Amino acid sequence: MKQKQIQHLYMRAGFGIGLNALNNLKSMSKTKIINAMFSASENPIPIQLDLSEFESVVQMNTTGRNNSDLKNTQELLKKSRIKIRDLNYTWIERLCTTDAILNEKMTLFWANVFVCRDNNILHFQQYNNTLRKHALGNFKDFIKAIAKEPSMSKYLNNRQNIKESPNENFARELMELFTLGIGNYTEQDIKEAARAFTGWSFKPNGDFFLRKVKHDFEKKTFFGKSGHFDGDDVIDIILEQKQCARFICGKIYTYFVNPEIDAKRLEELTDYFYQDYNIKALMHYIFSSDWFYEAKNVGVKIKSPMELLVGINTIISMSFVNKKQLFYLQKMMGQVLLYPVNVAGWRGDKSWIDSNTLMFRMKLPSLLLNNAQINLKEKGEFEDTFTNYYKQKGKNRFFKVNSDWDAFNKQYGKLRPAELKRLLLVASTDQDTEALVSNLLVRSNRDFCIQLMSLPEYQLC
């Protein structure tokens, strides 16, 4: 594979690639490189925070409550919300350090398909690990597991879905956002599907169970089929619709290939995926296809905030002294992991960029890697926000980041500027950018790296 092809693969299947890793792959065939990437993601490791202090809540909800238990529960719920932030930080650290990079990238992708939010850390950590477990598995097993997750049950009100008064929220989003897309089902299909999911609930420890007295066991008619369907049956019928494979392939195409869908390629992927709904096989097919590496698909996708942040870390390893600043960065860029904006998730691509966020993203490398002070001379929402954060009691504040420049210098210190530029910028550069780069004062590869990361083209992958 050519260098740019390897970079393209690792930009889409991961968050970029460092020089040493790139050099190790250059002599390998495309098949071996791709197989090695999948092999590294075969056995994903779940994230496990220390949640021992919350075990008493599970026990209490099983054995009953008293007034002191209720007070203790309220305190633990506050701690649980703090733990959600810890899960956020831990997941980002995982993205920056894992060898199973494809599985983590897929987990990030699915988190914006099966969008969910929960303040119960026990349930939400379980949900995040369910995404991780099935990220490269079988889609049918995946969607059935998601439907039984307590976090999803709460988020879309399926726990309140009982035969006496069916709640249609989960059934509607299952088809509109998770499997088929709007306009590919009827209102009657939603009503019948909601009946099939009645009585679905969970135990305090997160295990699924069916409340039989609340489940509608009567006959239902769904997508032209009639029977005594339950939720699993409804999912089976949904997956029989080829539109389901097309809908999921469309999401995968815009995320991993190109924001602009090629109709011919979409149908090609749909036919392939519809055979058995094997996610791993589909992704292997995409990354192995020659058309994936065509110039029209390279450097045309705007990096998500997480792709930008983790991508910088791929070149210069860094850690935040104050984790709250990492949370603040996510808020400023519009993507806080585990805190989706709504049930539809983040729209992605061009929606990441506006006049404020673009300025912030281009300043980000200097802010993180140079301990730079933000320029407060200009006016506007972006600068005012920074004023509030960086100017408190008349003192300037800085991002406290530990950057491993020694490791950077060992790996990149002797590269020629042109080689460093080729490594960091995969998108095509216009004449203005080329002129700008050629006139940059290159005192060291450290400075040049930060300058390259501050270019608009670095926002693309």
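Residues numbered from 1 in each chain as written. Predicted model: local features only at pLDDT ≥ 70, side-chain atom pairs only at ≥ 80, totals over all residues. Heavy atoms only, no water.

**Some details on the side chain of S153**
Reasoning step 1: Among the structural elements, S153 can be located in helix α9 (residues 150-155).
Reasoning step 2: Using a relative accessible area of 6% as the deciding quantity, one classes S153 as buried.
Reasoning step 3: Apart from the residues lying within four places of it in its own chain, the contact partners of S153 are N158, R159, W200 and F202. (Helix = DSSP H or I, 4+ residues; strand = E, 2+ residues; numbered from the N terminus. Buried < 20%, exposed > 50% of the residue type's maximum accessible area, 1.4 Å probe, protein only. Contact = heavy atoms within 4.5 Å.)

**A closer look at unusual backbone geometry**
Reasoning step 1: Despite not being glycine, Y277 shows a phi value in the positive range, around 55 degrees.
Reasoning step 2: Within the element layout of this structure, Y277 appears in the loop between α14 (263-274) and α15 (279-288).

**Here's the deal with the confidence of the model for the protein**
Reasoning step 1: For the protein, the mean per-residue pLDDT works out to 91, and 91% of the residues sit at or above 70.
Reasoning step 2: Contacts from residues 372-387, a stretch scored under 50 in pLDDT, to residues over four places away or in other chains number 33 contacts. (pLDDT = per-residue confidence, 0-100.)

**Considerations on the layout of surface pockets**
Reasoning step 1: Of the pockets and cavities examined, the largest pocket occupies roughly 720 Å³.
Reasoning step 2: In terms of lining residues, the largest pocket is bounded by 35 residues, among which N112, Y255, W346, R347 and G348 are the most central.
Reasoning step 3: For the lining of the largest pocket, the secondary-structure elements that each account for two or more residues are α6 (101-111), α7 (121-134) and α13 (242-256).
Reasoning step 4: In terms of residue count, the dominant contributor to the lining of the largest pocket is α7 (4 residues).
Reasoning step 5: Among the residues forming the lining of the largest pocket, the class breakdown is 22 nonpolar, 7 polar and 6 charged.
Reasoning step 6: In this structure, the second largest pocket spans a volume of roughly 540 Å³.
Reasoning step 7: Lining the second largest pocket are 28 residues; nearest its centre among them are G16, G18, C96, T98 and T314.
Reasoning step 8: Secondary structure elements with two or more residues in the lining of the second largest pocket: α2 (19-25), α3 (30-39), α5 (67-97), α16 (305-315) and α20 (405-412). (1 Å grid on protein atoms, 1.4 Å probe; cavity = no way out; pocket = protein on both sides within 12 Å on 5 of 7 lines; lining within 4 Å. Points joined across faces, edges and corners; volume = space filled by probe spheres on them. Nonpolar A, V, L, I, M, F, W, Y, C, P; charged D, E, K, R; others polar.)

**What about the nonpolar core?**
Reasoning step 1: Among the nonpolar cores identified, the biggest contains 132 residues, and W110, F114 and F287 are the most heavily contacted of them.
Reasoning step 2: Of all the elements, α13 adds the most residues to this core, at 9 residues. (Core = buried A, V, L, I, M, F, W, Y, C linked by side-chain atoms within 4.5 Å.)

**Comments concerning α15**
Reasoning step 1: Where α15 is concerned, the buried positions are I279, A281, L282, M283, I286 and F287.
Reasoning step 2: With a side-chain oxygen lying 3.1 Å from the backbone nitrogen of K280, the N-terminal cap of α15 falls on N278. (Polar contact = N/O pair within 3.5 Å; in protein donor to acceptor, adjacent residues only side chain to side chain.)

**Side note on the packing of α16 against helix α17 (residues 323-333)**
Reasoning step 1: Where α16 meets α17, the axes come as close as 10 Å, and the angle between the chain directions of the two elements is 135 degrees. As the angle between them shows, α16 and α17 are arranged oblique. Where α16 abuts α17, its residues P305, M306, L308 and L309 lie against L326, L329, Q330 and M333.
Reasoning step 2: Here the contact of α16 with α17 is composed, by residue class, of 7 nonpolar, 1 polar and no charged. (Axes fitted to C-alpha atoms, helices over the stretch in contact; angles between N-to-C directions. Parallel < 35°, antiparallel > 145°, perpendicular 65-115°, else oblique.)

**Looking at the environment of L326**
Reasoning step 1: Structurally, L326 can be placed in helix α17.
Reasoning step 2: Residue classification places L326 among the buried positions, given a relative accessible area of 5%.
Reasoning step 3: Considering only alpha carbons, one finds L326 and Y89, 237 residues apart in sequence, at a separation of 7.8 Å.
Reasoning step 4: Setting aside residues no more than four positions away along its own chain, L326 makes contact with Y89, I92, L309 and F320.

**Some details on the environment of P46**
Reasoning step 1: Of note, P46 is situated in the loop between α3 and α4 (55-63).
Reasoning step 2: The class of P46 is partly exposed, set by a relative accessible area of 38%.
Reasoning step 3: P46 sits 27 residues away from L19 along the chain, and the two C-alpha atoms are 28 Å apart.
Reasoning step 4: Setting aside anything within four residues of it in sequence, one finds P46 in contact with R94, N129 and R132.

**What about the pattern of salt bridges?**
Where charged atoms of side chains with opposite charge meet at close range, the side chains can pair.
Reasoning step 1: Considering all chains together, one arrives at 25 salt bridges under this definition.
Reasoning step 2: The partner of K191 in a salt bridge is E168, and the shortest N-O contact between them spans 3.3 Å. Residue K191 is found in helix α11 (residues 187-196), and its partner E168 is found in the loop between α9 and α10 (169-179); the two are separated by 23 residues along the sequence.
Reasoning step 3: Where K296 meets E294, a salt bridge forms, and the shortest distance between an N and an O atom there is 4.0 Å. (Salt bridge = Lys/Arg side-chain N within 4 Å of Asp/Glu carboxyl O.)

**Considering the packing of aromatic side chains**
Reasoning step 1: The full count for this structure, using the stated rule, is 28 aromatic pairs.
Reasoning step 2: For the pair W110 and F114, a centre-to-centre distance of 5.5 Å together with 10 degrees between the ring planes defines the contact as stacked.
Reasoning step 3: For W110, a relative accessible area of 0% gives the class buried.
Reasoning step 4: The exposure class of F114 is buried, given its relative accessible area of 0%.
Reasoning step 5: Against the face of F208 rests K148, its NZ or CZ located 5.4 Å from the ring centre.
Reasoning step 6: When the ring centre of Y255 is taken as reference, the NZ or CZ atom of K301 above it lies at 4.8 Å. (Phe/Tyr/Trp six-rings, centres within 6.5 Å; stacked < 30°, edge-to-face > 60°. Lys NZ or Arg CZ within 6 Å of the ring centre and 35° of its normal.)

**Observations concerning empty space enclosed by the protein**
Summary: where empty space remains is shown by rolling a probe the size of a single water molecule over the atoms.
Reasoning step 1: Applying the stated criterion across every chain yields a total of 3 cavities of 30 Å³ or more.
Reasoning step 2: If you add up the space inside the largest cavity, you get close to 100 Å³.
Reasoning step 3: Residue lining of the largest cavity: Q7, M11, F15, G16, I17, K303, G311, T314, I315, L423, L424 and Y458, and that is the complete set.
Reasoning step 4: Mapped by element, the contributors of at least two residues to the lining of the largest cavity are α1 (3-13), α16 and α21 (417-424).
Reasoning step 5: Its residues placed into classes, the lining of the largest cavity shows 7 nonpolar, 4 polar and 1 charged.

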